[in-house]
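Close look at the chain arrangement
This is what each chain is made of:
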Amino acid sequence: MKLFFTKAERIKYLGFDDLCVMLVGIFPLAGIGNVLFGGATPGISMWESANCYGISLTFTTLYWVVGRLATLNFRRRLPEQHQTAQRIVATLGVLAIIVVLMSALVEPVLKNVLPEQGIPDPPLSYKIVMAYTLVVMVLAMYEGIYFFTKFKESLLVQERLAKDNMQAQLSVLKQQMNPHFLFNSLNTLVNIIPEDAGKATLFTQRLSSVYRRILEWRHKELITLEEEVRALQDYVFLMQTRFEDKLSVCWTFGAGTPVQCEGEGQALILPAEFRNYRVVPLSVQLLVENAIKHNVVSHEFPLRIDIVLAGNRITVSNELQLRTSQQLNSTGWGHQNLKARYEMVTEDPIIITETDERFEVSIPVFPVKQVRRAATA
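Cut-off values and rules
Residues numbered from 1 in each chain as written. Predicted model: local features only at pLDDT ≥ 70, side-chain atom pairs only at ≥ 80, totals over all residues. Heavy atoms only, no water. Helix = DSSP H or I, 4+ residues; strand = E, 2+ residues; numbered from the N terminus. Buried < 20%, exposed > 50% of the residue type's maximum accessible area, 1.4 Å probe, protein only. Contact = heavy atoms within 4.5 Å. Areas by Shrake-Rupley, 256 points an atom, 1.4 Å probe, with all protein chains shown as cover. Expected span 1.5 Å × (residues − 1). Bend = angle between axes of the 7 residues up to and from the residue. Axes fitted to C-alpha atoms, helices over the stretch in contact; angles between N-to-C directions. Parallel < 35°, antiparallel > 145°, perpendicular 65-115°, else oblique. Nonpolar A, V, L, I, M, F, W, Y, C, P; charged D, E, K, R; others polar. pLDDT = per-residue confidence, 0-100. Left-handed = near helix turned anticlockwise from the far one by under 90°. Core = buried A, V, L, I, M, F, W, Y, C linked by side-chain atoms within 4.5 Å.

**A short note on the overall build of the protein**
- Looking only at helices and strands, the protein features 12 helices and 8 strands.
- When each of the 377 residues of the protein is scored for burial, the buried share is 43%.
- In the protein, once contacts between residues fewer than 6 apart in sequence are set aside, the share between residues at least 24 apart is 71%.
- Just so you have it, the protein exposes about 21000 Å², and 61% of that area is on carbon and sulfur atoms.

Structure representation (structure tokens):
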């Protein structure tokens, strides 16, 4: 058991620096103990009353110091919120043992030191119950202040997260509504209207779907993987209409065979066991978009993007064939935004791996059971 704590540790484990409260609070609490143990009985002398208060002050100090140490050590060992009940029960149990032992050991000593006092001598069981009550009062004070402090901190964290969430949503909206993307899409549409009116209509519908989802999902924390794949298919259709066979996007599920997404008229069929997985909205689309934006896509250098779903993670990777301008000016802003959005819903990290040949980003996905546990935590 640790006996000495720094000021920073006291604030961390108690919610405040309790030294002043302890030094001031011991004296009135000792006065309460003095009354409970007969120190204020009418007719006793001032000397006897002073003795009784001195004894009460000594015991109050010992119990407070021991109870405080127990509280600090259990907070250090069981710091999580879900461990609160376990921590309080353990602290109460340890303090009960301490009170019983101290009362039983000190009782004979007091009778020898202060024989034939005119102070009422209640039974040992009464003394134990009253001493334990005072100890619980001190523990309740610590728990109350700690709870109130953590409650205020949680409100500040929620306010900060709400602000960060709004900023992230606005950033996503700005990025997804990139005027360059819209200009390139409209330019592609103008080119295919004379050639294939049916394809131009489908292109317009899917372009509309891309922007509709951006507006509909901007306030959502998670969507199903099936929804994300449908959104990605619309986006990939637009890109492959623009780049034709120079761009391919392939999925792999576990150790399965790669399945091309949208390429050559082939739509992705998501296996049933993965359809209800959850992801941050438009996260996979953002990674695919970044790969297209930062790499050369041409007849000489066709771009293949691989998407692997395995082990509750999605990994998006591609061979590096960076555009010269992007190689100089890339800031990683999109990845930073995606990290901020994931930090709001999980502690699982986004993993970015870059070599001389390939670039890959791995993001967490959430099975239905895990999402339900998070919702009820």
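On we go from here.
**Some thoughts on the environment of L186**
- Along the polypeptide, L186 turns up in helix α6 (residues 179-192).
- For L186 and T204, which are 18 residues apart along the polypeptide, the C-alpha to C-alpha distance reads 8.9 Å.

**Things to note about helix α2 (residues 19-36)**
- Counted at 1.5 Å a residue, the expected span for α2 with its 18 residues is 26 Å, and the 25 Å between its end C-alpha atoms agrees.
- The sharpest bend along α2 comes to roughly 35 degrees, located at G25, with the proline P28 sitting one to four residues further on.
- M22, G25, I26, L29, A30, G33 and N34 are the residues of α2 that are buried.

**Examining the packing of helix α1 (residues 7-14) against helix α3 (residues 46-77)**
- Put simply, α1 and α3 touch, their axes get as near as 9 Å, and they point 75 degrees apart. It follows that α1 is roughly perpendicular to α3 by the angle criterion. Where α1 approaches α3, its residues R10, Y13 and L14 are matched on the opposing element by R68, T71, L72, R75 and R76.
- Per-class residue counts for the contact of α1 with α3 are 3 nonpolar, 1 polar and 4 charged.

**Re the confidence of the model for the protein**
- Per-residue confidence for the protein gives a mean pLDDT of 80, with 81% of residues at or over 70.
- Within the model, the stretch residues 372-377 combines pLDDT values under 50 with 0 contacts to residues more than four positions away or in other chains.

**With respect to the packing of α2 against α3**
- Orientation of α2 relative to α3, taken along the N-to-C sense of each, is 135 degrees, at an axis distance of 8 Å. The pairing of α2 with α3 is recorded here as oblique in orientation. Two packed elements cross with a definite hand, and for α2 against α3 that hand is right-handed. Contacts from L19, V21, M22, G25, I26, F27, L29, A30, G31, G33 and N34 in α2 reach S49, C52, Y53, S56, L57, T60, T61, W64, V65 and R68 in α3.
- Of the residues belonging to the contact of α2 with α3, the class tally is 12 nonpolar, 8 polar and 1 charged.

**Some words on the nonpolar core**
- Counting 53 residues, the largest nonpolar core has L225, I292, I305, I307, I314 and I363 as the members making the most contacts within it.
- Those residues in contact with I305 that lie beyond four places of it in its chain are L247, S248, V249, C250, V288, A291, I292, V316, S317 and N318.
- With 13 residues, the next largest nonpolar core counts F5, F16, L134 and V138 among its residues.

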